[in-house]
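Commentary on secondary and tertiary structure
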Amino acid sequence: MRAAVLYGARDVRIEERDAPQIIEPTDAVIRLSATCICGSDLWPYRGIQPTNEPTPMGHEYCGIVEDVGRAVASVKPGQFVIGSFFASDNTCPHCKAGYQTSCAHRQTVGGAQAPILRVPLADGTLVATHEVPSDDLIPSMLAAL
């Protein structure tokens, strides 16, 4: 698949990468419907935050679940989901207090500037909508992140 990869300040390349797959039983793989650039993507792009190695870009996303690990219970293939830039388990004390970005087990989600994304800790990270939104509503789903 083709994906955006940051190599350094103002050096973004589109390159072929392996499609993400389930690695952990708590993972989901989603086909992205929309993504956007986050302000935190701009720090390394501008050279304010160093880029030490090629880094897949993007962590603002929504899309359709394609596959889930055996431990995922809250989302299933075919559902439209909205995700967060931090993966959280939604079970630790921080998450239960409403601070998922401070999850004791948080992981950064990256690589959303591509057609497919692996999302760790899917049960705590992805929120399913009741139905797949119409194409004209999908961009507004990104504002919820």
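In the block above lies the structure referred to throughout.
Residues numbered from 1 in each chain as written. Predicted model: local features only at pLDDT ≥ 70, side-chain atom pairs only at ≥ 80, totals over all residues. Heavy atoms only, no water.

1. A few points about the nonpolar core
I30, Y61, L117 and L126 are the most contacted members of the largest nonpolar core, which totals 16 residues. Put simply, the parts of the chain that give this core at least two residues each are β3 (28-36), β5 (60-68) and β9 (116-119). No other element matches the three residues that β3 contributes to this core. Ranked by size, the runner-up nonpolar core spans seven residues in total, among them A34, C62, F80 and I82. (Core = buried A, V, L, I, M, F, W, Y, C linked by side-chain atoms within 4.5 Å. Buried < 20%, exposed > 50% of the residue type's maximum accessible area, 1.4 Å probe, protein only. Helix = DSSP H or I, 4+ residues; strand = E, 2+ residues; numbered from the N terminus.)

2. Here we look at the layout of surface pockets
Of the volumes computed, that of the largest pocket is approximately 720 Å³. Listing elements by their share of the lining of the largest pocket, those giving two or more residues are β1 (2-8), α1 (39-46), β4 (55-56), β8 (107-108) and β9. (1 Å grid on protein atoms, 1.4 Å probe; cavity = no way out; pocket = protein on both sides within 12 Å on 5 of 7 lines; lining within 4 Å. Points joined across faces, edges and corners; volume = space filled by probe spheres on them.)

3. Some points on the packing of aromatic side chains
Following the criterion strictly, the structure yields one aromatic pair and no others. Their ring planes at 50° and their centres at 4.8 Å tell us that F85 and F86 sit as a pair that is tilted. For F86, a relative accessible area of 18% puts it in the buried group. Here the basic side chain of R13 rests over the ring of Y7, its NZ or CZ set 3.8 Å away from the ring centre. Positioned above the aromatic ring of F86 is the side chain of R106, whose terminal nitrogen or guanidinium carbon lies 4.2 Å from the ring centre. (Phe/Tyr/Trp six-rings, centres within 6.5 Å; stacked < 30°, edge-to-face > 60°. Lys NZ or Arg CZ within 6 Å of the ring centre and 35° of its normal.)

4. Things to note about the sheet that holds strand β10 (residues 127-128)
With respect to topology, five strands assemble into an open sheet ordered β9-β3-β5-β6-β10, the strand pairing being antiparallel. Taken across any chain shown, the strands that pair with only one partner, and hence form the sheet edges, are β9 and β10. Examined bridge by bridge, β3 and β5 share eight bridges and lie antiparallel to one another. Within β5, the position partnered with I30 by the bridge is V65. (Pairing = 2+ DSSP bridges.)

5. Overview of the state of the cysteines
Counted according to the given criterion, the structure contains zero disulfides. In this structure C36 is a free cysteine whose sulfur lies 7.2 Å from that of C38, the closest cysteine sulfur available. A relative accessible area of 26% places C36 in the partly exposed class. (Disulfide = S-S within 2.5 Å.)

All we've got here are geometric facts, nothing functional implied.
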